[in-house]
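# Survey of secondary and tertiary structure
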Amino acid sequence: MTLIQEIDYGTPASKAEKNVTLTIDGVAVTVPEGTSLMRAAVDAGIQVPKLCATDSVNAFGSCRLCLVEIEGRNGTPASCTTPVAEGIKVLTQTERLKQIRRGVMELYISDHPLDCLTCAANGDCELQDMAGAVGLREVRYGFDGDNHLKAAKDESNPYFTFDPSKCIVCSRCVRACEEVQGTFALTIDGRGFDSKVSAGMDEDFIGSECVSCGACVQACPTATLIEKSVIEIGQPEHSVITTCAYCGVGCSFKAEMRGTEVVRMVPYKDGKANHGHSCVKGRFAWGYTTHRDRILNPMVREKISDPWREVSWDEAIAYVASEFKRIQAKYGRNAVGGITSSRCTNEETYLIQKLIRAGFGNNNVDTCARVCHSPTGYGLKETFGTSAGTQDFDSVTEADVVLIIGANPTDAHPVFASQMKKRLRSGARLIVVDPRRIDMVRMPHVEASYHLQLTPGTNVALLTALAHVIVTEGLADEAFVRERCDWDEFQDWAAFVAEQHHSPEATATITGVPAETVRAAARLYATGGNSAIYYGLGVTEHSQGTTTVMAMANLAMATGNIGRRGVGVNPLRGQNNVQGACDMGSFPHEFTGYRHISDDATRTMFEAFWNVPLDPEPGLRIPNMLDAAVDGSFKAIYIEGEDIAQSDPDTQHVVAGLENMECVVVQDLFLNETANFAHVFLPGSTFLEKDGTFTNAERRIGRVRKVMPSRSGMADWEITMAISNAMGFPMQYNHPSEIMDEIAHLTPTFAGVSYDSLDALGSVQWPCNDAAPTGTPIMHIDHFVRGKGHFVLTEYVATDERTGPRFPLLLTTGRILSHYNVGAQTRRTGNVAWHPEDLLEIHPHDAEQRGVREGDWVRLQSRSGGTSLRAKITERVAPGVVYTTFHHPETQANVVTTEFSDWATNCPEYKVTAVQVSPSNGPTEWQSHYQELSEHNRHIAEAAE
Amino acid sequence: MSPDRLIYMANQIGKYFSSQHRQDPVAGIANHLKKFWDPSMRRTIAAYADQGGAGLDPLVLQAVRTLSVTHL
């Protein structure tokens, strides 16, 4: 194993189609027009010394090291800023250039500490390398003059330090923040000798707008910005390519290692989802993998009030099998089930659903996509024919209009947000549909043309109003619709949306969005060129979530914005493997590849391969399981990687269901909230300890590679296999690659996927089969998967969750950049520095009416329950709307959310809860009670001597 | 499982299919229940419909009665 060193070409690649041939140091090289001399030299196998250039940012021409000579031209131009030209002859090594470079380096080093042997970047420092490359042997100026050697270090960021004494003011960090991340948090403050890198308004890093993505650290050629883990551990000696386990962007990373210890995670330039960029979670927040709270031994208890008892793996597996068999014998085959998670690999998810369908003998399997993107599956399958987004991420580079609805990409999908912001900075227009003024509405160099700040719960009314404008103003793409869609259905739909009660003027009273804004946004979407829709849980987590998904599909079809680059309908998946969990057959009604279990041909195939008869009837969904548990007919559950007691709505109902079961098995990293009600705890593995695959929001299947041994001794797939074997349904795999081979064999859209093909291609987007051996970046190009595109009538049905005198405000919930889902991972990292507790965002008007000041404790009460948390007064929310996150169990935001759910899929309506907010003295009685219960139920008995 | 919850869910489904002009709403509702509801849920709602089905919207009641004959 070696450290993967990616080539730094110095400047970005040119996209020109015309080629140019030139000679560099006598070597002929042909490159696209617009390529820099520096990059062309790398192509010719020649390294030109450089410091301020790196290929993730545009050329800057400040360091004066990369000078070259060009035959017939005067001077010594910088190779980074000089483009190639046909027939020119370039020299990179002449006596004149040597002397200039040595002089430049001498000046740099005259104001740089000479502590290379004890410097954390020793061995990975471009300044050190360049001193060697130019043959620097002395510094004639001495160190007695003015210098920056005593400049104070900024160690405020939890993950990296900023040491200005080592800074050469090359601006790579500033440019990375601007061009790669798009935050513009850094600048060069001062002029000349006083020039220095400054975060925000000369603040420390933690107090500035810096989002800690680490692009600056990655770009820094010295030890000025460096990971604290490198300072602590030393330089890595080998690296392994793997896929991030946080959000649905699915970034590729190099896990840079020293032995079995992670030194740092570096985003991989060849990663097709992230192109070498990352966010604070993926790059830095992996400390949870070795956190002291990890549970590493299996544990069992008869009653949830008993202390946990550590047992052997054999005993734990045998106990699970005997309990599930006992319960099925006593209460019936259907009294048990299981839940997979989007945090599991595809292979783990596949095995769980196989265990349940074939081993338990029922279809009571569901996944946490139930509570996030299940309406996407239903809605896009119904309209287009497949349950997935239509584009790759790179497609956004060709979008002219971006419509973001119910998503907050800078917080929840930050790396894709950076790519989107880059496109917006270069001219694409933006429409934001969101009850909150999310960052994308207005931030440095990005401003939405229209922000449709609608009342929560009114998406369908708004989207149908947009359609009304498109149809009644003649903006539909009739030629596209006639060719690609069912024309009769379209005409019905057009007549429906044209009805007066769907007009922006009529719906303004429902949505709260002025009619003229809706009309302008509709015109822009329909006529602005390539229009692309990106959406999130603000669409799906509603009682009409599925209808909203179909309404967006209608808009895309009606305007011809589907089936090519730059357009489409794109779900931004919340967790890392939401797409994969859905693909792998973990919904109760369908096998892998979204084939219904009642389909005889498919079921027969699985029956033959698994050698067991399968139930042709759908099983219970998660909320159905909990309802049945409360009613007493559902008695045991196997949960891998999901914390339903914190993440699912109406916590008291969830808890009642869990408490009513006789055997709850939790397989996870930590004693999470659900484990408070568990009888068996099976310690799982982190993504760093496992082999497998994740599938991101663009259908991209990427490899997860084991970089360290499993700390608990059994891989997650091995645990599921052991349970199955103990239950009497034999499974035998030697490696997750064999599970993927089985998936590919049984799933037409995965037929071409194997670990070998993933190693060869890096990653691949399904469908991947004989028809598309290298995958399918864009779907529905010539025809929809279902044949003709299907228009659906989208009548607005108001949610039954209504405000009134008792609960006059609407609560909507979401997430924040620094935390991931229930926070079990990120709360055990330095990310708590940014978000140590959940806060309630409330508009100044609503706060003043209630006598609430910034930071006050407030009670948030709905008809489901109440919790207390601190208030944050902000105009990001409209009057009448409040917002909070669900990352901290001390708050338990879901004790407030209700049982209302999407009509088609039972996806909970997290985004609309009628609440009241009032001043409070601190935690509620329920919170205090829960805290006591939680502490008691987490107790682990001392091991016997 | 509590009939109240199932009644509410079934009526939600009914509202969607009732708005689709080109489909038979009764068939649409019945098909949705068959494709996505566990048999025990279908049995419960069917039994409830057999007792009169108070609270079920008329089209939903029709669909559930169809279901109770053909899909249990």
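The rules behind each value
- Residues numbered from 1 in each chain as written.
- Chains lettered and ligands numbered in written order.
- Predicted model: local features only at pLDDT ≥ 70, side-chain atom pairs only at ≥ 80, totals over all residues.
- Heavy atoms only, no water.
- Helix = DSSP H or I, 4+ residues; strand = E, 2+ residues; numbered from the N terminus.
- Rg over C-alpha atoms; globule rule 2.2 N^0.38 Å.
- Buried < 20%, exposed > 50% of the residue type's maximum accessible area, 1.4 Å probe, protein only.
- Contact = heavy atoms within 4.5 Å.
- Areas by Shrake-Rupley, 256 points an atom, 1.4 Å probe, with all protein chains shown as cover.
- Lys, Arg positive; Asp, Glu negative; His and termini not counted.
- Charge placed at Lys NZ, Arg CZ, Asp CG, Glu CD.
- Domains from an automatic or database assignment.
- Phe/Tyr/Trp six-rings, centres within 6.5 Å; stacked < 30°, edge-to-face > 60°.
- Pairing = 2+ DSSP bridges.
- Axes fitted to C-alpha atoms, helices over the stretch in contact; angles between N-to-C directions.
- Salt bridge = Lys/Arg side-chain N within 4 Å of Asp/Glu carboxyl O.
- Polar contact = N/O pair within 3.5 Å; in protein donor to acceptor, adjacent residues only side chain to side chain.
- Nonpolar A, V, L, I, M, F, W, Y, C, P; charged D, E, K, R; others polar.
- 1 Å grid on protein atoms, 1.4 Å probe; cavity = no way out; pocket = protein on both sides within 12 Å on 5 of 7 lines; lining within 4 Å.
- Points joined across faces, edges and corners; volume = space filled by probe spheres on them.

### Section: the overall build of chain B
Regarding its fold elements, chain B presents four helices and zero strands. N-terminal to C-terminal, the α/β element order of chain B is α-α-α-α. Over its C-alpha atoms chain B spans a radius of gyration of 11 Å, differing by no more than 12% from the 11 Å that the globule rule assigns to 72 residues. The principal-axis extents of the C-alpha atoms in chain B amount to approximately 30 × 20 × 20 Å. Within chain B, buried positions represent 51% of all 72 residues. When contacts within chain B are restricted to residue pairs at least 6 apart in sequence, long-range pairs at least 24 apart make up 64% of them. Carbon and sulfur atoms provide 54% of the accessible area of chain B, an area that totals close to 3,200 Å². Within chain B, the 5 negative side-chain charges are centred at a point lying 7 Å from the centre of the 8 positive side-chain charges.

### What about the overall build of chain A?
Within chain A one finds 29 helices and 36 strands. Its C-alpha radius of gyration of 29 Å places chain A within 12% of the 30 Å reference for a compact globule of 945 residues. Referenced to the eigenvectors of the C-alpha coordinate spread, the extents of chain A come out at roughly 90 × 80 × 65 Å. Buried residues in chain A amount to 65% of all 945 residues. At a minimum sequence separation of 6, the contacts of chain A that also span at least 24 residues come to 73%. A gap of 3 Å separates the mean positions of the 84 positive and 118 negative side-chain charges of chain A.

### Structural notes on the domain arrangement of chain A
Accessible area lost during the coming together of the parts is what is often quoted as the interface size. Per the domain assignment, the segments making up chain A are domain 1 (19-133), domain 2 (299-303 + 313-372 + 577-765), domain 3 (374-571) and domain 4 (809-936). For domain 1 of chain A versus domain 2 of chain A, the distance between C-alpha centres works out to 54 Å.

### Comments concerning the packing of aromatic side chains
A complete count under the given rule lists 28 aromatic pairs over all chains for this structure. On the numbers, 5.5 Å between centres and 50 degrees between planes, the contact of A:Tyr378 with B:Phe36 is tilted. With A:Tyr378 in helix 10 (residues 374-383) and B:Phe36 in helix 2 (residues 25-36), this pair bridges two chains. With a relative accessible area of 13%, A:Tyr378 lands in the buried category. Each member of the aromatic cluster is reached from another via a ring pair, and the members are A:Tyr159, A:Phe160, A:Phe162, A:Phe205, A:Phe284 and A:Trp834.

### Topic: the sheet that holds strand 16 (residues 401-405) of chain A
Residue and element names in this part refer to chain A. What the five strands build is an open sheet, ordered 20-17-16-21-22; its pairing is parallel. Two strands lie at the open edges of the sheet, namely strand 20 (450-452) and strand 22 (569-571), each paired on one side alone. Mean inter-strand twist for the sheet, computed between neighbouring axes without regard to direction, equals 15 degrees. Two elements, strand 16 and strand 17 (residues 429-433), share five bridges in a ladder whose sense is parallel. Each bridged residue has a counterpart across the sheet, and for Val-402 the counterpart in strand 17 is Leu-430.

### Notes on the interface of chain A and chain B
Listed as interface residues are 33 residues of chain A and, on the opposing side, 24 residues of chain B. Connecting chain A to chain B are three salt bridges. Along the contact surface separating chain A from chain B lie 11 residue pairs in polar contact (both at pLDDT 80 or more). Here the element with the most residues in the side of chain A that touches chain B is helix 22 (residues 622-631) of chain A; it accounts for five residues. A per-class count over the side of chain A that touches chain B returns 13 nonpolar, nine polar and 11 charged.

### Some details on the pairing of strand 29 (residues 700-704) of chain A
All names here are of chain A. Extensive coverage of strand 29 is indicated by the burial of five of its five residues. Across the two faces of strand 29 the burial is the same, with Arg-700, Gly-702 and Val-704 and Ile-701 and Arg-703 all buried. Where strand 28 (residues 692-695) and strand 29 come together, four bridges link them in antiparallel fashion. Looking at strand 29, one finds that Thr-695 is bridged to Ile-701. Between strand 28 and strand 29, which pair antiparallel one after the other, the connecting turn spans four residues, and Arg-699 there sits at a positive phi close to 65 degrees. Here three bridges tie strand 29 to strand 30 (residues 763-765), and the two strands are oriented antiparallel to one another. By the bridge assignment, Ile-701 is partnered in strand 30 with Val-764.

### Let's talk about empty space enclosed by the protein
Residues and elements named next belong to chain A. Applying the stated rule across the entire model yields eight cavities of 30 Å³ or more. By volume, the largest cavity amounts to about 550 Å³. Along its surface, the largest cavity is lined by 37 residues, and Leu-537, Glu-541, Thr-813, Gly-814 and Lys-911 are the ones closest to its centre. Broken down by element, the residue count for the lining of the largest cavity peaks at three residues, all from strand 31 (residues 809-814). Residues that form the lining of the largest cavity fall into these classes: 14 nonpolar, 17 polar and six charged. The calculated volume of the second largest cavity comes to roughly 260 Å³. Around the second largest cavity sit 23 residues that line it, and Arg-343, Gly-641, Asp-668, Leu-669 and Ser-685 are the ones nearest its centre. Among the residues forming the lining of the second largest cavity, the class breakdown is eight nonpolar, eight polar and seven charged.

### Comments concerning helix 10 of chain A
The element helix 10 of chain A is extensively covered by neighbouring structure, given that eight of its 10 residues are classed as buried. Of the residues making up helix 10 of chain A, those classed as buried are A:Ser374, A:Pro375, A:Thr376, A:Gly377, A:Tyr378, A:Gly379, A:Leu380 and A:Thr383. Contacts made by the buried residues of helix 10 of chain A are with strand 21 (531-535), helix 18 (537-540), helix 19 (545-558) and strand 22 of chain A together with helix 1 (3-18) and helix 2 of chain B. Remark: A:Gly385 follows helix 10 of chain A within two positions and exhibits a positive phi of approximately 110 degrees.

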